[in-house]
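Survey of secondary and tertiary structure
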Amino acid sequence: MARMKWGRNLSWQFVDCTRELGMCGGSMWLRFCTLQQLSRYYVIESYNLDHEFIVLDKVYQFNVEQISMAFTVKNFHVFLLVLLPLLVSCDEKQVYIVYLGEHSGEKTHNEIEENHYSYLFSVKETVEDAKSSLLYSYKSSINGFAALLTPDEASKLSEIEEVLSVLRSQSTKYSLQTTRSWEFSGLQQGGTGFQLKKDLLLESSYGRNVIVGMLDSGIWPESKSFSDEGMGPYPSSWKGICQSGDEFNSSNCNMKIIGARYYIKGYEAQYGPLDRTLDSLSPRDKDGHGTHTASTVGGRRVQNVSALGGFARGTASGGAPLVRLAIYKVCWAIPDQGKEEGNACFMEDILAAMDDAIGDGVDVLSMSIGTNRPVPFYEDSIAIGALHAIKKNIVVACSAGNSGPAPATLSNTAPWIITVGASSIDRKFLAPIVLGNGMKIEGQTITPYNLEKKMYQLVYAAQIVNADVPKDTSGQCLPGSLSPEAAKGKIVLCLRGNGTRLNKGLEVKRAGGIGFILGNRREDGVIPPVDAHFLPATGVNYENALKILNYINSTKTPMAYIVPATTELDSKPAPFMASFTSRGPSPVSPNILKPDITAPGLYILAAWSEASSLTKLANDPRMVKYNILSGTSMSCPHIGAASALLKAIHPTWSSAAIRSALITTAELNDNLGNPITDEKIIGARYYIKGYEAQYGPLDRTLDSLSPRDKDGHGTHTASTVGGRRVQNVSALGGFARGTASGGAPLVRLAIYKVCWAIPDQGKEEGNTCFMEDILAAMDDAIGDGVDVLSMSIGTNRPVPFYEDSIAIGALHAIKKNIVVACSAGNSGPAPATLSNTAPWIITVGASSIDRKFLAPIVLGNGMKIEGQTITPYNLEKKMYQLVYAAQIVNADVPKDTSGQCLPGSLSPEAAKGKIVLCLRGNGTRLNKGLEVKRAGGIGFILGNRREDGVIPPVDAHFLPATGVNYENALKILNYINSTKTPMAYIVPATTELDSKPAPFMASFTSRGPSPVSPNILKPDITAPGLYILAAWSEASSLTKLANDPRMVKYNILSGTSMSCPHIGAASALLKAIHPTWSSAAIRSALITTAELNDNLGNPITDEFGKTADPFQFGSGHFRPTKAADPGLVYDASYTDYLLFLCSIGITNLDSSFKCPIKPPSPSNLNYPSLAIPELNGTTTVERKVTNVGGSKSVYFIKVKPPPGFLVTVSPSILFFNQVGEMKTFTITVKASSVNKGMEKDKYAFGWYTWFDGIHSVQSPIAVSLA
């Protein structure tokens, strides 16, 4: 119906209680307001005893509880307060959305637009007027249009039968909800890089029952990495054997190592019978290489392992930890040669092993073996064997070789093989050198020995060599080259070149050196040599070796100290290509681009043979269970593991298809690279017609007429969803420093700008988003083919679904299986303040993460008070006079606001040089700090009032500052009042991680119950929304204040606007893993796997420390890794949502659907939670769950009923025989006798959970009494 424009001073005060309002032709219509609501704005002078009012020829009934009436101004039955600025001319145009429902699919876009014009032609006087009035024609999925109409024209259109509704645009309805995140949420589990591995593992069941054949030096079966605990029988397709031999029999095979053979005939034909002191005549690995590669492919997860010295400590795991391993030993120790120099693998042995592997039934062959030179395919046993393997659809992955960096050095170039180069990971083993001049030089090592912390004399090897050493090798520390008299007790710098790196260290040790620095030459590249030496040591690249050499030559007494090594994660740049990796082009077949792909091959930790020393040197007594190696031998197993996972997910894919999938999805940028626009941001549009209809043409000094973000909010939310990993970023002042990453860093982003700067208003006050612009953007997004919509936009008050453009657009989106995630709003902590409550939307609340920005206050009495800030300014370390604002205000400041530091309130004479305590209340927090600065204050403490909660205000102020909660503000105030000379100091802020408890619910997050649809429990879930670091627009200041010159690339914000993108990202990841799941299934997976406890193991609390409830957090704090494998899902279709709408009296959102005469109860919508408002006696609802877990599953029910209620679930056991099977159950809720005194409208909460021993599918319950 037509809507009239209200005076700005009334705004939503009146519209809150109205549904339809208009006036034309002397009549005004008003519907659905209570008399009590109306009386706030009207003087109702009289009405007849029958409560009837006559308008034209219609009679409308009126009662006190509910009004459905019309007033006739001409007859003066009712008089309005005449000065209210309510009525507008019938000629004044407003933007209206004329909603027609669904497209039939029979018309072209042009025909749809012409049809929309026809409606306008029917109410407009001229064709020109009709055409100029049209703002949008919604053509993709939504059927309707937005146009400039008078109230009378809108009223006429609303009377047309096929018009479902006419909605007047409201400029104030929509506004942005602004207020170690993914690691805290559990997605990456502390990992780095673009890791979606955990989700892939869940989808592939960790590679279970895929068989990987390993051609290498055998295996050390006793390693924990090859445990078969819980693995079950091996696949029936397996036809291999477990061959016995030296120190190896059938008991060394298990459900993990399901087969093992050895192949030595070619070797013995060359070298004669094996020397069994060198190697075992069996599959046992006495070298280490085969154990390392096998565990890289499929080692089980083993916690708290490391290399010698604690390097790379963490959980060791293969890429596919549940694959089965088939071991084919083809490589052997070479007589009269040390293990460290390599071993021999004969082509005939290799080909025999490959032939057996094919017959045994392997699915993947991983071969870290290659030639020292390119070999034609017809001479290459690996190429020939692999060609036979692909006939059986076996994937073959091979090393590219370690002959780089020279070009055309590749091996394994056959196009039916996946040829794997080697690159770095984002990990360093830092052992810097501190020189006597104070310079600190980066070095790296995995040497487990440290120097005593003091400076030592530093020498270059060439300065201390024996007289007979040739000059050209004098700096290389070759065996016997150093003079013990000159080397003793010194740190010696040696250069690479002739001889092995380890032997250079041994020479320094032999000569009595105390420490050893090994430097690259120019030709050795920029990767420093990283080794496990026999004395304290570190390695440096060529540039740093020159710096050290120049320092040695600059002083008579050069000194140095090698800092003990540490493992650093998130190093940059990464990945980079290893210098040793062999290069293309392929000299054998230049028409095939090789290598195919790169994978981690630098400093890789994996299991090791306990018959081989740390370095393979015969005189090295150091034996280890895990070791760090580098080479394409280490990168190849990564691709072998990835192939196994893909085999598990796509068992019908050919080997070529798997290779294609790996190649075409490979990453091109390192972790410092900016996304290429047409690869990351694949689309961008803007929508401004509704905005300009209200405000006129955009002031381009305020905003850009383009998708460019000059506010910051859009950039922040987009990067939270899908930002690439960027290392070493922080907010201004270094706060939250670390790696910034979106939750789904490789998603593609489509940008739809719908929110704009408001004229004559600062950015810090927010911006505006018009409903017609939002709906146009959603319509385009549906047509464009998005998979997920993340919308950090909502209303300031609950809105009925039929008036809510987001709800309407989202309903169309779910028909296309698009997941829609929206903010719950920032209107908490009051109840029933939610927005975006439609059941087809995922409604997201906001909670904390485990991070604080601590800036404590030290008081003059020694007390230390906790404060928090992200202010980048510090005080000089001394005590300052401390005052309370109310003690230093000007004389004319009212007493009730005297402590609030309002603009102009403080006396500069009294404030100068002091730290000022201000309280929250009137005015903005930033302006309070500006007032202290204006008055000459040296520092600023902002304290909460009682009603502001226990979360301290955390802001980026313009002078040294910190924020404290109410309790701490009182402590400071009491101290001020207890002494004549109160003093204080604000300690510089630091970022604290792993704070406890976390998460807790943010005070601002909007609460349930849903006032629009109380039968649906909202919000659905909570996610991190407090102090979130993400990318920022460089056209907007740190605070958005116009007078703030501080510009940043990353900023910290809070709000449900920040939590919503976390769910958007999680939904995108689930879409990638489960592309056929419905949007309802994805929502269900997120809801039923959410976490209810904080990191102390206690129930999640609110900001006051009280246990929170589902009206705050929904089902709990999201856990995306769990959601990838939820076990069961509650699915729902578009039709289910229409039936739900029928049940609550909304029948006009889809004209093609007719509501049944008796629609189901709204509580029967198949939702993964249960809300029953105003229970009267007993009620029973139905739910259906679909099995997405194991094919043979049994689930048992566990119920925690709401206090005062009885809950029965029937049946209590669900049996599933296959994936995709659906089961129905009922939930009966009954008030028990103990709740007779329970208040009406007060909710009690409980849970019901289906569990099968692996999955726990939990759903919250909310019930109130009638």
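Residues numbered from 1 in each chain as written. Predicted model: local features only at pLDDT ≥ 70, side-chain atom pairs only at ≥ 80, totals over all residues. Heavy atoms only, no water.

Check the secondary structure of the protein chain and you find 29 helices and 63 strands. When each of the 1266 residues of the protein chain is scored for burial, the buried share is 57%. Here the protein chain displays about 50,900 Å² of accessible surface, and carbon together with sulfur accounts for 52% of that area. (Helix = DSSP H or I, 4+ residues; strand = E, 2+ residues; numbered from the N terminus. Buried < 20%, exposed > 50% of the residue type's maximum accessible area, 1.4 Å probe, protein only. Areas by Shrake-Rupley, 256 points an atom, 1.4 Å probe, with all protein chains shown as cover.)

So, on to the sheet that holds strand β48 (residues 939-943). If you trace the seven strands from one edge of the open sheet to the other, you get β45-β44-β50-β46-β47-β48-β49, paired in mixed fashion. Only two strands of the sheet have a single neighbouring strand rather than two, namely β45 (864-865) and β49 (961-964). Sheet topology places strand β47 (residues 915-919) next to β48; five bridges connect them, and they run parallel. From the neighbouring strand, I915 faces β48, where its bridge partner is G939. Contacts from helix α23 (residues 925-934) reach β47 and β48, with the element oriented near 145 degrees to β48. Its contacts with the sheet place helix α24 (residues 966-978) against β44 (857-859), β45, β46 (880-884), β47, β48, β49 and β50 (983-986), and it is angled at close to 110 degrees to β46. (Pairing = 2+ DSSP bridges. Contact = heavy atoms within 4.5 Å. Axes fitted to C-alpha atoms, helices over the stretch in contact; angles between N-to-C directions.)

Scanning all chains against the criterion turns up 29 aromatic pairs. Ring geometry for F801 versus F1140: centroids 6.5 Å apart, planes at 45 degrees, classification tilted. One end of the pair, F801, is in the loop between β40 (793-795) and α21 (805-815); the other, F1140, is in helix α29 (residues 1134-1143), and 339 residues separate them in sequence. Like F801, the residue F1140 is buried in the burial classification. (Phe/Tyr/Trp six-rings, centres within 6.5 Å; stacked < 30°, edge-to-face > 60°.)

Right, let's get into the state of the cysteines. All chains considered together, the criterion is met by six disulfides. Disulfide pairing places C242 opposite C253 at an S-S distance of 2.0 Å. Because the sign of the S-S torsion sets the handedness, a value of about 90 degrees for the bond joining C242 and C253 places this disulfide among the right-handed ones. Highlighted residues: C242 in the loop between β11 (211-216) and β12 (257-262) and C253 in the loop between β11 and β12, separated in sequence by 11 residues. The structure places no disulfide on C636, whose sulfur is separated from the nearest cysteine sulfur, that of C398, by 5.8 Å. Looking at C822, it has no disulfide partner, and the nearest cysteine sulfur is the one in C1060, 5.9 Å off. Look at C822 and you get buried, because its relative accessible area is 0%. (Disulfide = S-S within 2.5 Å.)

If you look at the biggest cluster of nonpolar residues, it comprises 56 residues, and the most contacted ones within it are L811, W840 and L1141. By residue number, the principal contributor to this core is helix α20 (residues 771-784), which donates eight residues. Within the second largest apolar cluster, 31 residues are counted, among which are F248, I257, V395 and A644. (Core = buried A, V, L, I, M, F, W, Y, C linked by side-chain atoms within 4.5 Å.)

The strand order across the open sheet formed by seven strands is β12-β15-β11-β18-β19-β20-β30, and the pairing between neighbours is parallel. Looking at the sheet topology across the chains shown, the edges are occupied by β12 and β30 (597-600). Strand-to-strand twist in this sheet, taken as the mean axis angle between neighbours without regard to direction, amounts to 25 degrees. One ladder, built from four bridges, connects strand β18 (residues 364-367) with strand β19 (residues 395-399); its direction is parallel. Its bridge partner being in β19, S366 is matched across the sheet by A397.

Take the side chain of R261 next. By secondary structure assignment, the location of R261 is in strand β12. Apart from residues lying up to four places away in sequence, R261 is in contact with G240, I241, Q243, P283, I327, Y328, K329, D356 and D360.

What follows concerns the packing of α21 against α29. The contact between α21 and α29 brings their axes to 9 Å, and the two run at 145 degrees. Contacts between α21 and α29 pair L811, I814 and K815 from the former with Y1134, Y1137, L1138 and L1141 from the latter. Of the residues assigned to the contact of α21 with α29, the class counts are six nonpolar, no polar and one charged. (Nonpolar A, V, L, I, M, F, W, Y, C, P; charged D, E, K, R; others polar.)

So, about the pattern of salt bridges. Where charged atoms of side chains with opposite charge meet at close range, the side chains can pair. Under the definition given, this model contains 31 salt bridges. Put simply, D531 and R501 hold a salt bridge, and the shortest N to O gap is 2.9 Å. Highlighted residues: D531 in the loop between β26 (515-519) and β27 (537-540) and R501 in helix α13 (residues 501-510), separated in sequence by 30 residues. Classification of R501 as partly exposed rests on a relative accessible area of 31%. (Salt bridge = Lys/Arg side-chain N within 4 Å of Asp/Glu carboxyl O.)

Within α29, seven of the 10 residues are buried, which leaves it mostly tucked inside the rest of the structure. G1145 sits one or two positions beyond α29 and adopts a positive phi of about 85 degrees.

Next up on the list: the side chain of S612. With respect to the secondary-structure elements, S612 resides in the loop between β31 (604-607) and β32 (626-629). Here S612 is in contact with K286, D287, G288, K339 and M623, once residues within four sequence places are set aside.

For the bond from G584 to P585, the omega torsion is 0 degrees, close enough to zero to count as cis. Structurally, P585 can be placed in the loop between β29 (566-569) and β30. In this model, G828 is joined to P829 through a cis peptide bond whose omega is 10 degrees. Residue placement: P829 occurs in the loop between β41 (819-823) and β42 (842-847). Positive phi, normally seen in glycine, also occurs at N393, with a value near 60 degrees. Here N393 is to be found in the loop between α11 (381-391) and β19. Residue N393 is classed as partly exposed on the basis of its relative accessible area of 21%. Even without glycine at this site, C477 takes up a positive phi of about 55 degrees.

Before going further, it helps to examine the environment of E92. By the secondary structure assignment, E92 is in the loop between β5 (67-72) and β6 (94-102). It is 9.5 Å that separates the C-alpha atoms of E92 and L148, two residues lying 56 residues apart in sequence.

As a further point, take the pairing of strand β63 (residues 1256-1265). It is a general feature of regular strands that their side chains alternate between the two faces of the sheet. With nine of 10 residues buried, β63 is to be regarded as a mostly interior element. Sheet topology places strand β56 (residues 1170-1175) next to β63; four bridges connect them, and they run parallel. Pairing of L1170 across the sheet is with I1261, part of β63. Where strand β62 (residues 1243-1251) meets β63, nine bridges bridge the pair, whose relative direction is antiparallel. Bridge pairing in β63 links A1244 to V1263.

With that out of the way, let us pick up the environment of L134. If you trace the backbone, L134 turns up in strand β7 (residues 134-138). L134 sits 14 residues away from L120 along the chain, and the two C-alpha atoms are 8.1 Å apart.

We now examine the environment of F121. Of note, F121 is situated in helix α3 (residues 109-123). Assessed through its relative accessible area of 33%, F121 is described here as partly exposed. Spatially, the C-alpha atom of F121 lies 8.4 Å from that of K131, the residues being 10 residues apart in sequence. Beyond its immediate sequence surroundings of up to four residues, F121 is in contact with V127, A130 and K131.

So, about helix α9 (residues 289-298). Burial within α9 is extensive, with 10 of its 10 residues counted as buried. What α9 keeps buried is the set H289, G290, T291, H292, T293, A294, S295, T296, V297 and G298. Looking at the buried side of α9, the elements it contacts are β11, β15 (324-329), β18, β31, β32 and α15 (632-649).

It is at 10 Å that the axes of α15 and helix α16 (residues 655-664) come closest, and there the two elements cross at 115 degrees. Along this stretch, α15 crosses α16, giving a crossing that reads as right-handed. Residue-level inspection shows I639, A642, S643, L646 and K647 of α15 in contact with α16, the latter providing I658, A661 and L662. (Left-handed = near helix turned anticlockwise from the far one by under 90°.)

All right, on to the confidence of the model for the protein chain then. Per-residue pLDDT for the protein chain has a mean of 85; in total, 89% of the residues score no lower than 70. For the stretch residues 1-90, pLDDT sits under 50, and the model shows 165 contacts to residues farther than four places along the chain or on other chains. Contacts for the low-pLDDT stretch residues 674-679, under 50 throughout, to residues beyond four places or in other chains number nine contacts. (pLDDT = per-residue confidence, 0-100.)

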